[in-house]
4 protein chains.
Amino acid sequence: MIYDGQNQVDSWEEVLLIYRSALRKVNTKLEILNDEFQHVHRYNPIEHMKSRIKTSESIVKKLKRKGYESTIENMVEHVDDIAGIRIICSFSSDIYQIAEMLVNQNDIKVLSIKDYIKNPKASGYKSYHMIITVPVFLSDKVVDTKVEIQIRTVAMDFWASLEHKIHYKFEGNAPEHIKEELVECARMVSDLDARMLSLNTEVQKLLDS
Amino acid sequence: MIYDGQNQVDSWEEVLLIYRSALRKVNTKLEILNDEFQHVHRYNPIEHMKSRIKTSESIVKKLKRKGYESTIENMVEHVDDIAGIRIICSFSSDIYQIAEMLVNQNDIKVLSIKDYIKNPKASGYKSYHMIITVPVFLSDKVVDTKVEIQIRTVAMDFWASLEHKIHYKFEGNAPEHIKEELVECARMVSDLDARMLSLNTEVQKLLDS
Amino acid sequence: MIYDGQNQVDSWEEVLLIYRSALRKVNTKLEILNDEFQHVHRYNPIEHMKSRIKTSESIVKKLKRKGYESTIENMVEHVDDIAGIRIICSFSSDIYQIAEMLVNQNDIKVLSIKDYIKNPKASGYKSYHMIITVPVFLSDKVVDTKVEIQIRTVAMDFWASLEHKIHYKFEGNAPEHIKEELVECARMVSDLDARMLSLNTEVQKLLDS
Amino acid sequence: MIYDGQNQVDSWEEVLLIYRSALRKVNTKLEILNDEFQHVHRYNPIEHMKSRIKTSESIVKKLKRKGYESTIENMVEHVDDIAGIRIICSFSSDIYQIAEMLVNQNDIKVLSIKDYIKNPKASGYKSYHMIITVPVFLSDKVVDTKVEIQIRTVAMDFWASLEHKIHYKFEGNAPEHIKEELVECARMVSDLDARMLSLNTEVQKLLDS
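The rules we used
- Residues numbered from 1 in each chain as written.
- Chains lettered and ligands numbered in written order.
- Predicted model: local features only at pLDDT ≥ 70, side-chain atom pairs only at ≥ 80, totals over all residues.
- Heavy atoms only, no water.
- Helix = DSSP H or I, 4+ residues; strand = E, 2+ residues; numbered from the N terminus.
- Buried < 20%, exposed > 50% of the residue type's maximum accessible area, 1.4 Å probe, protein only.
- Contact = heavy atoms within 4.5 Å.
- Buried area = accessible area lost by both parts, 1.4 Å probe.
- Salt bridge = Lys/Arg side-chain N within 4 Å of Asp/Glu carboxyl O.
- Polar contact = N/O pair within 3.5 Å; in protein donor to acceptor, adjacent residues only side chain to side chain.
- Nonpolar A, V, L, I, M, F, W, Y, C, P; charged D, E, K, R; others polar.
- Least-squares fit on C-alpha atoms with pLDDT ≥ 70 in both.
- Pairing = 2+ DSSP bridges.
- Axes fitted to C-alpha atoms, helices over the stretch in contact; angles between N-to-C directions.
- Lys, Arg positive; Asp, Glu negative; His and termini not counted.
- Patch = residues over 30% accessible without salt bridge, like charges linked within 9 Å, V, L, I, M, F, W, Y side chains within 5 Å.
- Areas by Shrake-Rupley, 256 points an atom, 1.4 Å probe, with all protein chains shown as cover.
- Charge placed at Lys NZ, Arg CZ, Asp CG, Glu CD.
- Phe/Tyr/Trp six-rings, centres within 6.5 Å; stacked < 30°, edge-to-face > 60°.
- Lys NZ or Arg CZ within 6 Å of the ring centre and 35° of its normal.
- Parallel < 35°, antiparallel > 145°, perpendicular 65-115°, else oblique.
- Left-handed = near helix turned anticlockwise from the far one by under 90°.
- Expected span 1.5 Å × (residues − 1).

A count of helical and extended segments in chain A gives 6 helices and 5 strands. Each principal axis of the C-alpha distribution contributes one length, and for chain A these read about 60 × 50 × 20 Å. Residues classed as buried in chain A amount to 52% of the 209 residues present. Taking as baseline every contact in chain A between residues at least 6 positions apart, the subset at least 24 positions apart corresponds to 65%.

Time to look at the interface of chain B and chain C. Contacts between chain B and chain C engage 35 residues on the former and 35 residues on the latter. For the pair chain B and chain C, the summed buried surface comes to about 3300 Å²; carbon and sulfur atoms form 76% of the total. Our count for the contact surface shared by chain B and chain C stands at 4 salt bridges. Among the salt bridges present, the one from Glu-181 of chain B reaches Arg-195 of chain C, with a minimum N-O distance of 2.5 Å. In this assembly, chain B and chain C are joined by 10 residue pairs in polar contact (both at pLDDT 80 or more). Counting residues per element, the ones that place at least two in the side of chain B that touches chain C are strand 1 (46-53), helix 5 (154-169) and helix 6 (176-208) of chain B. Class assignment for the residues of the side of chain B that touches chain C results in 19 nonpolar, 5 polar and 11 charged.

Once that is clear, we can look at the relation of the copies chain A and chain B. Under the fitted operation, chain A is carried onto chain B by 0.0 Å of movement along the axis and a turn of 180°, and the coordinates agree to an RMSD of 0.1 Å. Such a combination of rotation and displacement between the chain copies is what one expects of a two-fold axis. A symmetric contact is evident, with 100% of the interface residues of chain A recurring at the interface of chain B.

All names here are of chain D. The topology assignment puts Asn-27 in helix 1 (residues 12-41). Given the relative accessible area of 17%, Asn-27 is considered buried. With 87 residues separating them in the primary sequence, Asn-27 and Lys-114 have C-alpha atoms 21 Å apart. Beyond its immediate stretch of four places on either side in the chain, Asn-27 contacts Met-49, Ser-51 and Ile-85. A distance of 3.4 Å separates the side chain of Asn-27 from the side chain of Ser-51, its partner in a polar contact.

Between chain A and chain B, the contact holds 26 residues from the first and 26 residues from the second. Overall, the association of chain A and chain B removes approximately 2400 Å² of surface from exposure, summing both partners, and the carbon and sulfur fraction of that is 56%. Sorting the residues of chain A by area buried against chain B places Arg-24, Ile-32 and Phe-137 of chain A first, and these three jointly supply 27% of that buried surface. Put simply, chain A and chain B have 8 salt bridges between them. Residues Asp-35 of chain B and Arg-24 of chain A are paired through a salt bridge, measuring 2.8 Å at the closest nitrogen-oxygen approach. At the junction of chain A with chain B, the criterion picks out 10 residue pairs in polar contact (both at pLDDT 80 or more). Mapped by element, the contributors of at least two residues to the side of chain A that touches chain B are helix 1 (12-41) and strand 4 (128-137) of chain A. With 15 residues, the single largest contributor to the side of chain A that touches chain B is helix 1 of chain A.

Moving on: the relation of the copies chain B and chain C. Superposing chain B onto chain C takes a rotation of 180° combined with a translation of 0.0 Å along the rotation axis, leaving an RMSD of 0.1 Å. Of the interface residues in chain B, 100% have counterparts in chain C that sit at the interface too, so the contact is made through matching surfaces.

This paragraph deals with the sheet that holds strand 5 (residues 142-153) of chain A. Residues and elements named next belong to chain A. The 5 strands lie next to each other as 1-2-5-4-3, forming an open sheet whose pairing is mixed. The sheet is open, and its two borders are formed by strand 1 (46-53) and strand 3 (109-115), each paired with just one other strand. Between one strand and the next, the sheet's axes are offset by a mean angle of 25°, whatever the strand orientation. For strand 4 and strand 5, the ladder comprises 10 bridges, and the chain directions are antiparallel. Paired with Phe-137 across the bridge in strand 5 is Val-142. Seen against the sheet, helix 5 (residues 154-169) touches strand 1, strand 2 (83-89) and strand 5 and runs at an angle of roughly 95° to strand 5.

Below, the discussion takes up the side chain of Asp-193 of chain D. Looking at the secondary structure, you find Asp-193 of chain D in helix 6 (residues 176-208). In this structure Asp-193 of chain D is buried but unpaired, with Lys-126 of chain D as the nearest side chain of opposite charge at 6.5 Å. Once you skip the residues sitting within four places of it in the chain, Asp-193 of chain D turns out to touch Phe-158 of chain A together with Ser-90, Thr-153, Ala-155 and Met-156 of chain D.

Attention shifts here to a positive patch on the surface. Residues and elements named next belong to chain A. Together, Lys-61, Arg-65, Lys-66, Lys-114 and Lys-121 make up a positively charged patch on the protein surface. For the positive patch, the element with the most residues is helix 2 (residues 56-66), which contributes 3 residues. When you line up the elements, Lys-66 lands in helix 2. Note on Lys-66: relative accessible area 44%, which makes it partly exposed.

Moving on, we get to unusual backbone geometry. Residue and element names in this part refer to chain A. Positive phi, normally seen in glycine, also occurs at Glu-171, with a value near 50°. Note on placement: Glu-171 falls in the loop between helix 5 and helix 6 (176-208). Looking at Glu-171, the relative accessible area reads 70%, which means it is exposed.

Moving on to the environment of Met-75 of chain C. Along the chain, Met-75 of chain C falls in helix 3 (residues 72-78). When residues no more than four places from it in sequence are discounted, the contact partners of Met-75 of chain C are Trp-12, Ile-59, Val-60, Leu-63 and Ile-82 of chain C.

Let's shift gears to the arrangement of the chains. There is a gap between chain A and chain C: no contact, and a shortest C-alpha distance of 21 Å. As for chain D relative to chain B, no contact occurs, and the smallest C-alpha gap between them is 20 Å.

This part takes up the packing of aromatic side chains. A full pass over the atoms with the stated rule returns 16 aromatic pairs over all chains. Lys-29 of chain B extends its terminal NZ or CZ atom over the ring of Phe-137 of chain A, reaching a point 4.3 Å from the ring centre.

Let us now look at the packing of helix 5 of chain A against helix 6 of chain D. Orientation of helix 5 of chain A relative to helix 6 of chain D, taken along the N-to-C sense of each, is 15°, at an axis distance of 11 Å. As judged from the angle between their axes, helix 5 of chain A and helix 6 of chain D are roughly parallel. The element helix 5 of chain A and its partner helix 6 of chain D pack so that their crossing is left-handed. Residue-level contacts link Phe-158, Trp-159, Leu-162, Lys-165, Ile-166 and Lys-169 of chain A of helix 5 of chain A to Asp-193, Met-196, Leu-199, Asn-200, Val-203, Gln-204 and Leu-207 of chain D of helix 6 of chain D.

All right, on to helix 5 (residues 154-169) of chain D then. The end-to-end C-alpha distance of helix 5 of chain D is 23 Å, a good match for the 22 Å that 16 residues give at a rise of 1.5 Å each. For helix 5 of chain D, the set of buried residues is Val-154, Ala-155, Met-156, Asp-157, Phe-158, Trp-159, Ala-160, Leu-162, Glu-163 and Ile-166 of chain D.

What follows deals with the pattern of salt bridges. Any two side chains of opposite charge can pair, so long as their charged atoms come close to each other. For the structure on display, the rule yields 72 salt bridges over all chains. Of the charged contacts in the structure, one is a salt bridge between Arg-20 of chain A and Asp-35 of chain B, with a shortest N-O distance of 4.0 Å. Residue Arg-20 of chain A is located in helix 1, and its partner Asp-35 of chain B is located in helix 1 (residues 12-41); the two belong to separate chains. Judged by its relative accessible area of 38%, Arg-20 of chain A falls in the partly exposed class. Given a relative accessible area of 18%, Asp-35 of chain B falls into the buried group.

Our focus in this paragraph is the sheet that holds strand 2 (residues 83-89) of chain C. Residues and elements named next belong to chain C. In spatial order, the strands read 1-2-5-4-3; together these 5 strands make up an open sheet with mixed pairing. Each edge of the open sheet is held by one strand with a lone partner, namely strand 1 (46-53) and strand 3 (109-115). Averaged over all neighbouring strand pairs, the angle between strand axes comes to 25°, with direction disregarded. Relative to strand 2, strand 1 runs antiparallel, the two sharing 7 bridges. Paired with His-48 across the bridge in strand 2 is Ile-88.

Have a look at this one:
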């Protein structure tokens, strides 16, 4: 949500309502695109989706880390992933297609993109992130609301679940050999994704010819 | 869907996809409005909702009755209830509030309204009907798509289910005494709705004072 | 859940897990019966269902009213409606059919029945209540778990929602004229249900003859 | 469904109803086990599930291949996967735990097990298959009904989707180099699964010590 003086937000409960509405709306858009893709290309690019609202604890923690007080204004302004949707697809080529289809819709604005697939994190993390806004229609106003979209393959997602667990359990200080092993697993994930994509492309070419 | 030459619709399957998408979109809008209403007024105006796509058989039948050939153009042009949503609420006063909240959204256009609550059918049928259009975002175009909205109370809905069954089973030619009995039941439904609404209003007044 | 020494229940969280599982199981049984009924009789006796777990606040309040300490043993022993399912159907004749179909299943035990349809409460309340137990299969044990089933018509349910709201808002002490008005509405509900059932039976007879 | 003379099945529609009911029941059992596992071990072994009823076309094709006529008796007797559930989990160690938890339930009978994880197919296919029966309670009888359970990791599932597509598109006669590439990908999947499981076990050991 792009916060401004006019759209006075009077309580955290109303803010949550708005983010929840934004999630519903983006979910619906993605279901429609997936149906259309299935109709045209005869396969579903979206394997499955998960959406979540960030817990108040995590939001407060993030504000603290960034040096802001815990006010509703600061949450809305400085925490971009209060509403989040994760899209899991089969092949890395699907990722860019889904992102493009979503971004082309004229009521969606893209605030920022982080392409951790072209530029993976040091940990080995790969995923495509976007912060977008979507208009939420309330009975007396329209509120442009921020949603973080993460798009990744099933293999990247499998790796990310384990990495998240390790990061969380060791509070960011995992032993060095564990970190190295994770990086090695990330490399295997990338190799598998590349090999499977190339096989899929080869098969497609044979069938089209 | 407002059909025109540019948005060439190439197959019935694609048309269905678009109507299904419109249903999803209106459903999402109504869920958001219900949440907001619950937040502000502490009760849900929408008791429950049902949505459906008309079967091809019914569409063809309707076109025939209206004297049109069974082409996709004619379906899209002349059958307004291919996509339909029925909203069931507790009190008749909720009906107009829901209708207004929906219609106020700036991407919705109202094509027509039939208020069978103020002007019930001879059979006794009461319900509030609107034909609206909602824009469906596809990957390469936006299609304004027609959806029929029916709003009624739980008691009206109970009556309408029985009336539908009778109409369908007797193919429109129910015996006279059955029709009369239906009209009498419709009167009882209206009395009950009026009495319950008045009790609810009275209770609300006592609590607010 | 029938509590005994062998099936030691060690925490409230586990107890909730068991009640939630019992709800899932009874819901599944009812969906299966509804499907079968639809297959054989060509109509769904179950209009819709709602299930809920009682909140801890309500459970503690009920124990207090009954003069028991708030221990897990007392909850499991003395609160019969921790897990509850409400079944809404069209006609009062459906109520007894659904109850019988459920009770006939050989893994369900009926602990008690309260027929507030034959014997309405003074308030005008009508509904059919059963306390049953259903076995929940956990990885190392089977726990017979209590579930309260309430079965009523759409019209009874409409009335009960308003009565509940009034009872709750006035904390049981609604003004006399409000209570009388409620009783009058309950009478109208019963008349409507009776008239609609009789019309439905008449229609059925005409069609079968 | 174990077919016998007494439980005469009079139509394909009723048979489908029974298989659908069996799917619902096994799904409910798995959701309950997943909840319990989450409660005890603080993680969900089941990443997600998919269930399906085999299409009539596939059933008829399978019967033909096996040399049987297309009768309902033959379908029920000779096609074991009319109702199927696929369970996707993170680690290969989860697979055996889920299988054991399910099989331990005293109303489930195991008819057969095929462990394609210990003994992969020549194609590289890995998955754990069981044919079980579960009792379905109808209003007048109880029918033991067959369900095929497939359990595999996310990585195995990713591979299996591509393999299925290739097998289907080339009607079983994929070019040799495609088949070899698939086997190579299957090897990479196994390596990744083994490495991730070993990392997960190592992490768990460090945290427990």
